[in-house]
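Observations on the three-dimensional arrangement
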Amino acid sequence: MLLRGVLLALQALQLSGALDLPAGSCAFEESTCSFDSVLAFLPWILNEEGHYIYVDTSFGKQGEKAVLLSSDLQAEEWSCLRLVYQITTSSESLSDPSQLNLYMRFEDESFDRLLWSAKEPSDSWLIASLDLQNSSKKFKILIEGVLGQGNTASIALFEIKMTTGYCIECDFEENHLCGFVNRWNPNVNWFVGGGSIRNVHSILPQDHTFKSELGHYMYVDSVYVKHFQEVAQLISPLTTAPMAGCLSFYYQIQQGNDNVFSLYTRDVAGLYEEIWKADRPGNAAWNLAEVEFNAPYPMEVIFEVAFNGPKGGYVALDDISFSPVHCQNQTELLFSVVEASCNFEQDLCNFYQDKEGPGWTRVKVKPNMYRAGDHTTGLGYYLLANTKFTSQPGYIGRLYGPSLPGNLQYCLRFHYAIYGFLKMSDTLAVYIFEENHVVQEKIWSVLESPRGVWMQAEITFKKPMPTKVVFMSLCKSFWDCGLVALDDITIQLGSCSSSEKLPPPPGECTFEQDECTFTQEKRNRSSWHRRRGETPTSYTGPKGDHTTGVGYYMYIEASHMVYGQKARLLSRPLRGVSGKHCLTFFYHMYGGGTGLLNVYLKNEEDSEESLLWRRRGEQSISWLRALIEYSCERQHQIIFEAIRGVSIRSDIAIDDIKFQAGPCGEMEDTTQQSSGHSEDLNEIEY
């Protein structure tokens, strides 16, 4: 099904012979090396002439999958995994193309970790580059091809290669160019230099790697430039793991010519940042550049040359490398996600208040039917503003966060709830203060919000100078004052929207997009339903979901069921592994007639079900967190079973399910809390 011309081209582009490939690699010349097709799915077919494996619609139908599994691997040093692949489809089936997924399967986890996914069809091979952080844990690589629509749908793998090092490193000696790509421009582009390539318009240097005319490098030449500010860009693979250190490369610029050679980073939102520029032409030899490079979230490195005319000369580039050690005369920019975040379970963490008096009070609400608990567990601590100043017009309470280094992009997330205000606008606002507290900028404020519901806010910001985040609660007048609650503040590097472009965490489901991999024994009016907002029956069910306050959750509608009727939600089959596992989820059981919520473990071999956890009757008006620690070395499923109670006021809901390897440990609920900032707060129990 693949064109013969493509195959001939690929023979020239094979990275190396099969015997030379390291563990976790295969060129599919004569076999699948240490990779095997999983028998429960379609087989991957080795092409008769070698060079690639494939699966297509002549062996399977739409929706069927082929799975390729490696032998046990280990990446004790940082490694780069490259995959050369092709997805083909007919033009009429572009709406539902085939998909190629790559997972890591760790020996102690029931879920596979999705590292990468692609479904864009192409007429030629494409390269995916994935950074693998060093780890002592053994793992396997799992490659899944899912057939799409059409009679000509196919997926082909030409090579898998796992090597020690970083994916942004390259000496340009191999035909795949380490996944670097040229952004095509009609007049000026990056080309491969060296070897048998010659250009009569400029005297190109020898390469730096071998210092030979036979070695290769990248270059861009101004000879075809027709306009001022013609730009050529060479774009690296996207980083897929956090990294920080020194990025170095060798370059050569033809002396006395009018060009600008710059280095940029670009994140998944398309935001550019210049991190280096050549300030002088340099000498006729190769010049070393060292650049401090910080990629806490996915980004590309872009080598850009801008010419002002056809006499701009050339720029050559070679031997890009990276070291986790910072460049000479550079100090590490310290930032800790943990230190900048707080759930207020123990104390105020690194947050503090104005000296003139505390306006935010750390409180804990005993479970009851009338006031919501905290967002973290439903039973813990959160901050409450204006508890003592509801009759003081114009009162302002300020909560300061820790200092954040400048020139980094941050994502601030937090949960808040509003009670009692007639006019909600500006009752809670977030400001950015520069370190000297002179310049302040409002970056967010409440407009309208459901009262008494924990809502999530997220803000992306970036400032050149060190800053602090300040939460400000305003009590406008005696007649319009209420309570503002705050919990679960997190600050992470990168854009808040960047997480939307990342693969979902394994074993987690928030029900925001769909029901994930959960299934039901039957679907009717009495089964589990996915919903947002309040449930139809009054005095039962949640007002909003746990994740964001305006998202989705799963629940049973008691008015559609009879007393004792069951609804069962089943996880997909989970791989049995040794050791303990921790299952966490949030549940909502509010209503005078509430029934039962059970969690079972079902063994796949004998279908035996064992009860792991149970709650009976009304529990709280809040979402409460459940922690279940269990062990199972055989394939199994987890079942959430809700049983309707004696009245229609017995809706039961669940949200934010998460499976994790290892014991629950530090995640356990803490009933006795201590304060590290007792001078800044008063602890109150309602």
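Here, every reference points to the structure presented above.
Notes on the structure in this doc start here. (Residues numbered from 1 in each chain as written. Predicted model: local features only at pLDDT ≥ 70, side-chain atom pairs only at ≥ 80, totals over all residues. Heavy atoms only, no water.)

**Some details on the overall build of the protein**
- A count of helical and extended segments in the protein gives one helix and 43 strands.
- Residue pairs in contact within the protein that sit at least 24 positions apart in sequence constitute 80% of those at least 6 positions apart.
- When the accessible area of the protein is evaluated, it comes to approximately 31,000 Å², of which 50% is carbon and sulfur surface. (Helix = DSSP H or I, 4+ residues; strand = E, 2+ residues; numbered from the N terminus. Contact = heavy atoms within 4.5 Å. Areas by Shrake-Rupley, 256 points an atom, 1.4 Å probe, with all protein chains shown as cover.)

**Things to note about the nonpolar core**
- Trp190, Phe249, Phe261 and Phe303 are the most contacted members of the largest nonpolar core, which has 39 residues in total.
- Listing elements by their share of this core, those giving two or more residues are strand E14 (216-221), strand E15 (230-235), strand E16 (243-253), strand E17 (259-267), strand E19 (287-295), strand E20 (299-307) and strand E21 (314-323).
- Residues contacting Phe249, with those up to four places away along its chain left out, are Phe261, Leu263, Trp276, Asn287, Leu288, Ala289, Val291, Phe303, Leu317, Asp318, Asp319 and Ile320.
- Leu399, Leu412, Ile432 and Phe461 belong to the second-largest nonpolar core, a separate cluster that totals 34 residues. (Core = buried A, V, L, I, M, F, W, Y, C linked by side-chain atoms within 4.5 Å. Buried < 20%, exposed > 50% of the residue type's maximum accessible area, 1.4 Å probe, protein only.)

**A short note on the environment of Ile87**
- Residue placement: Ile87 occurs in strand E6 (residues 79-88).
- Considered as a pair, Ile87 and Pro121 are 34 residues apart in the sequence and their alpha carbons are 4.8 Å apart.
- The residues contacting Ile87, other than those within four sequence positions of it, are Ser98, Leu100, Ala118, Lys119, Glu120, Pro121, Ser122, Ser154 and Ile155.

**Details of the sheet that holds strand E12 (residues 181-183)**
- Sheet architecture is open: five strands sit in the order E12-E15-E20-E17-E18, paired in antiparallel fashion. Edge strands, defined here as strands with exactly one partner in the open sheet, are E12 and strand E18 (272-277). Averaged over all adjacent pairs, the angle separating strand axes in this sheet is 30°, with direction ignored.
- Across six bridges, E15 lies against E20 in antiparallel orientation. (Pairing = 2+ DSSP bridges. Axes fitted to C-alpha atoms, helices over the stretch in contact; angles between N-to-C directions.)

**As for the pattern of salt bridges**
- Summed over the entire model, instances satisfying the criterion amount to 18 salt bridges.
- Between Glu174 and Lys161 there is a salt bridge, and its shortest N-O distance comes to 3.1 Å. Placement of the pair is Glu174 in the loop between strand E11 (154-164) and E12 and Lys161 in strand E11, with a sequence separation of 13 residues.
- Judged by its relative accessible area of 29%, Glu174 is partly exposed.
- Among the salt bridges present, the one from Glu508 reaches Lys658, with a minimum N-O distance of 3.6 Å. (Salt bridge = Lys/Arg side-chain N within 4 Å of Asp/Glu carboxyl O.)

**Looking at the pairing of strand E39 (residues 609-616)**
- In the sheet, strand E38 (residues 596-603) pairs with E39 via seven bridges, with the strands oriented antiparallel. Pairing of Leu597 across the sheet is with Arg615, part of E39.
- Between E38 and E39, which pair antiparallel in sequence order, lie five residues; one of them, Ser607, sits at a positive phi of approximately 60°.

**A look at the state of the cysteines**
- Within the structure shown, the criterion is met by eight disulfides.
- Each disulfide pairs two cysteine sulfurs, and for Cys509 the partner residue is Cys516, the sulfurs being separated by 2.0 Å. Negative torsions about the S-S bond denote left-handed disulfides, and the value of about 90° found for Cys509 with Cys516 makes this one right-handed.
- Overall, Cys516 belongs to the partly exposed group, its relative accessible area being 36%. (Disulfide = S-S within 2.5 Å.)

**Some remarks on the environment of Gly593**
- Inspection of the secondary structure puts Gly593 in the loop between strand E37 (577-589) and E38.
- For Gly593, a relative accessible area of 3% puts it in the buried group.
- Distance in space between the C-alpha atoms of Gly593 and Ser650 is 4.9 Å, their sequence separation being 57 residues.
- In this view, Gly593 contacts Gly645, Val646, Ser647, Arg649 and Ser650; residues no more than four positions away in its chain are not counted.

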